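Report on the structure
Each chain, letter by letter, is given below.
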Amino acid sequence: QVRLVESGGGLVQAGGSLRLSCAASGRIFSSYTMGWFRQAPGKEREFVAARTEIGGSTHYADSVKGRFTISRDNARDTVYLQMNGLKPEDTAVYYCAADRLGYAIRTTVHDYESWGQGTQVTVSS
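Residues numbered from 1 in each chain as written. Predicted model: local features only at pLDDT ≥ 70, side-chain atom pairs only at ≥ 80, totals over all residues. Heavy atoms only, no water.

1. Remarks on the overall build of the chain
Of the regular secondary structure elements, the chain holds 0 helices and 11 strands. Put simply, the chain runs from its N terminus to its C terminus through helices and strands in the order β-β-β-β-β-β-β-β-β-β-β. Scaling as 2.2 N^0.38, a compact globule of 125 residues should have a C-alpha radius of gyration of about 14 Å, and the chain matches this with 13 Å. Referenced to the eigenvectors of the C-alpha coordinate spread, the extents of the chain come out at roughly 40 × 25 × 25 Å. For the chain, with 125 residues in total, the buried portion stands at 44%. The long-range share in the chain, meaning contacts at least 24 apart out of those at least 6 apart in sequence, stands at 61%. Total accessible area on the chain stands at roughly 6,200 Å², and carbon and sulfur atoms take up 47% of it. (Helix = DSSP H or I, 4+ residues; strand = E, 2+ residues; numbered from the N terminus. Rg over C-alpha atoms; globule rule 2.2 N^0.38 Å. Buried < 20%, exposed > 50% of the residue type's maximum accessible area, 1.4 Å probe, protein only. Contact = heavy atoms within 4.5 Å. Areas by Shrake-Rupley, 256 points an atom, 1.4 Å probe, with all protein chains shown as cover.)

Here's what the structure looks like:
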């Protein structure tokens, strides 16, 4: 398994920006598809964005498309989520996750085998 540690969450006003980081260790990070999910209070964990290792393909949830950008630095074993134009409905705990199917993007929770502990993002109106 890949071990994951998120950072970069915090409190921001609506319209602001945050960049989340996810540092990986353990198995070969560069062979995994890396994703971000989020979970708001009382709601199920939902897919936000993912990026493959092979080909660098990306996919975003409709709710964040055009505002969030996922990137990865394989030399640093780190994946990022740049979040711009934040809205109060983006408030959630954000989780980094790793899927060993490195050449494709899957969007369901059970497809990802490794998870970080989460980082809180709060957007005030």
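2. A closer look at the side chain of S21
As for its placement among the helices and strands, S21 is situated in strand 3 (residues 18-26). Among the residues examined, S21 registers a relative accessible area of 17% and is labelled buried. Excluding residues within four positions of it along the chain, S21 makes contact with V5, E6, S7, W36, T78, V79 and Y80.

3. Regarding the side chain of R67
The topology assignment puts R67 in the loop between strand 6 (58-60) and strand 7 (68-73). Residue classification places R67 among the buried residues on the basis of a relative accessible area of 13%. Not counting chain neighbours up to four residues away, the residues in contact with R67 comprise Q82, M83, N84, G85, L86, K87 and D90.

4. Side note on the pattern of salt bridges
Working definition: two side chains of opposite charge can pair if their charged atoms are close together. In this structure the tally under the stated criterion is 8 salt bridges. Beyond isolated ion pairs, a larger network of salt bridges with shared partners links R38, E46, R67 and D90. (Salt bridge = Lys/Arg side-chain N within 4 Å of Asp/Glu carboxyl O.)

5. Digging into the state of the cysteines
Within the structure shown, the criterion is met by 1 disulfide. Disulfide pairing places C22 opposite C96 at an S-S distance of 2.1 Å. For the disulfide bridge between C22 and C96, the dihedral angle about the S-S bond is near -80°, and by the sign convention the bridge is left-handed. Taken together, the residues C22 in strand 3 and C96 in strand 9 (residues 92-99) connect sequence positions 74 residues apart. A residue is classified by how much of its surface remains accessible, and C22, at 0% relative accessible area, is buried. (Disulfide = S-S within 2.5 Å.)

6. Digging into the sheet that holds strand 3
As summarised here, the arrangement of the 4 strands in space is 1-3-8-7, forming an open sheet in which the pairing is antiparallel. Edge positions in the sheet fall to strand 1 (2-7) and strand 7, since each of these pairs with one other strand and no more. On average, each strand axis in the sheet is inclined to that of its neighbour by 20°, with strand direction left out of account. (Pairing = 2+ DSSP bridges. Axes fitted to C-alpha atoms, helices over the stretch in contact; angles between N-to-C directions.)

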